[in-house]
Amino acid sequence: MTSSPSLLTPQEEAAFRAEVEAFAREHCPPQVRAAVAANAKLHRAEYSAWQKALHRRGWSAPGWPVEYGGTGWDQKKRYVFEEVTAALDCPPQYHHGIGHIGPVLMAFGSDEQKARYLPGILNGEDWWCQGYSEPGAGSDLASLKTQAVRDGEDYIVDGQKIWTSHAQEADLMYTLVRTDASGRKQQGITLLLIPLDTPGITRRAIQTIDGWHHVNEIFLDKVRVPVAQRVGEEGQAWSYAKYLLDRERVGASAIPQLTQLLRSAQRAVRAHVDAARLPRGRHALEERLLLAEAALIGVRELAVKAIDDARHGRPLGSRPSALKLRCSELSQEIVAIGMDAAGPALASSFRDPEQQGGAEWLGDANWLHNYLFYRSKTIAGGTSEVLRNVIAREIFGA
Ligand SMILES: Cc1cc2nc3c(=O)[nH]c(=O)nc-3n(C[C@H](O)[C@H](O)[C@H](O)COP(=O)(O)OP(=O)(O)OC[C@H]3O[C@@H](n4cnc5c(N)ncnc54)[C@H](O)[C@@H]3O)c2cc1C
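The numbers attached to residues start from 1 for each chain and follow its sequence in the written order. Residues qualify for local features only when their pLDDT is at least 70, as the model is predicted, and side-chain atom pairs are given and counted only at 80 or more; totals for whole chains, interfaces and linings, by contrast, use all residues. The basis for the side-chain values is all heavy atoms of the structure; hydrogens and waters are excluded.

Under an unreviewed UniProt entry, the chain has the name Acyl-CoA dehydrogenase and belongs to Xylophilus rhododendri. UniProt positions are given in the numbering used here, feature names are shortened, and annotations may be inferred rather than shown by experiment. The annotation that UniProt attaches to the chain under Cofactor (unreviewed entry) is "FAD".

Shown next as structure tokens:
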């Protein structure tokens, strides 16, 4: 397998791997690693514990430049870091701050916004969610209708967001609103930063098929937001949103996490399907595991190149869409293997995890919860149909 150019010599890479491994073993709380190994749903507490530990070490933002508190690591070093920490069952870093709004603020935010918000992302104190989608504006995001009307030094915001992940645990929401409806629908969209305790905001949980609480509706009723909370220019946020969406799609590839999931499925097959008693069943599952592993090697190569190009400002074309498409489908196949291995007995072990207190010890029952939850992987962040359209447009120039 080829990899992108690295500034690390093989000796430096080995030393760095050892350093990250020693740190992760010592500082990632054992209960957090156990939850990740069990494929349990993670909450703010688990993500935050790891983020705070990384922050103490100066590693809280591997992809950010040093001037903003990042590590300044090159792409290869970041990849090694993710690979080692995922192999030790450390959680992925919570993406809405570090991966999404942080980089947008660095690129388009004011100096005051950077000073106010970047430290809270780095140290894990501020938790963000993304208020983009609305009823009637998902794939066709530019049709969004939540309205912001200028009133002196404030905007007054009215409307509704939907499918807002983690809003029940978040402090702040970055959200797209319409400030002008007169032109093309991609024009007149503005990005606002809104604390979720602002008067006029109501959060309502959406019950999903897996029984866990992931997503919410957010109602905004005459919510007063200072103009100073606007990112960039009024009406220009479509380009900021696309900048963020590309990062989101590349990030969704999360190869080390897919590798973690695959390893876990391999363990499930070994633990549950007795090769002596069920040779054909075991063989069939092992074949699926091998195909998944081969696919993973392929997307890893695509991801490594895309991350490198993104870092150097080279155009990504439809690659973020291709990566998101392939990885979301692959993740569904891997959890399906885990569930098939754990077997039909899972149905009787399905229970309400929120009643159990969260990230918890459902053991093999997590395969069933995850199987159901991972149905959403080919919807959230761009549906597979829409991504295929993007790729086809690039190939056929339609
Ligand atoms: C678990 C989960 C978490 C999410 N988290 C967030 C979040 O944190 N913040 C946020 O803002 N949003 C979030 N979303 C919303 C997500 O981005 C949207 O669900 C997604 O963009 C699809 O939009 P939609 O649900 O309105 O479906 P629609 O766009 O109405 O699509 C319905 C169906 O029509 C198909 N379709 C639509 N347009 C086309 C087309 N042009 N060509 C072919 N087929 C098409 C779609 O593929 C789909 O099958 C989340 C969604 C889920 C499921």
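Another point: the overall build of the chain. Per the convention used, a helix needs a DSSP run of H or I reaching at least four residues, while a strand needs a run of E reaching at least two, with both numbered from the N terminus. Counting its secondary structure elements, the chain contains 13 helices and eight strands. For this measure, only C-alpha atoms enter the radius of gyration; the expected value for a globule follows 2.2 Å times N^0.38, where N is the number of residues. The C-alpha radius of gyration computed for the chain amounts to 21 Å, which stays within 12% of the reference 21 Å derived for 398 residues, consistent with globular compactness. Counting only C-alpha atoms and orienting by the principal axes, one finds that the chain spans roughly 75 × 50 × 50 Å. We call two residues in contact whenever any of their non-hydrogen atoms come within 4.5 Å of each other. Intrachain contacts of the chain at a sequence separation of at least 6 include 75% that bridge at least 24 residues. Under the convention used here, a 1.4 Å probe and the Shrake-Rupley method define accessible areas, while residue burial counts only the protein chains that appear. Looking at the chain as shown, the accessible area adds up to about 18200 Å², and 54% of this sits on carbon and sulfur atoms. Each charge class in the chain can be summarised by its mean position, and for the 46 positive and 48 negative side chains these summaries are 3 Å apart. Under the convention used here, Asp and Glu are negative, Lys and Arg are positive, and both His and the chain ends fall outside the count. Just so you know, the charge point we use is NZ for Lys, CZ for Arg, CG for Asp and CD for Glu.

Each residue is tested against the molecule or strand, and it is near if at least one of its non-hydrogen atoms lies within 4 Å. Inspection of the region around the ligand gives 17 residues, with Ser139, Trp163, Ser165, Thr383 and Glu385 positioned closest. A 3.5 Å cut-off defines polar contacts: any pair of N or O atoms within that distance qualifies, except that in protein one atom must be a possible hydrogen donor and the other a possible acceptor, and neighbouring residues in sequence count only when both atoms are side-chain atoms. Ser165 places a side-chain nitrogen or oxygen 2.7 Å from a nitrogen atom of the ligand. Glu385 places a side-chain nitrogen or oxygen 2.7 Å from an oxygen atom of the ligand. Look at the ligand: alone it shows 970 Å² of surface, and the protein chains cover 65% of it. The element contributing the most residues to the shell around the ligand is helix α13 (residues 384-396), with three residues. Under the scheme applied here, ten amino acids are nonpolar (Ala, Val, Leu, Ile, Met, Phe, Trp, Tyr, Cys and Pro), four are charged (Asp, Glu, Lys and Arg), and all others, including Gly, are polar. Grouping the amino acids of the shell around the ligand by side-chain chemistry returns six nonpolar, 10 polar and one charged. The domain boundaries here were taken from an automatic or database domain assignment. Among the domains, domain 2 (128-237) and domain 3 (254-396) are the pair contributing at least three residues each to the shell around the ligand.

Apart from glycine, the bulk of residues carry a negative phi angle, and the bulk of peptide bonds sit in the trans form. In this model, Trp163 sits at a positive phi of 65°, which is unusual for a non-glycine residue. The topology assignment puts Trp163 in the loop between β3 (154-162) and β4 (172-178).

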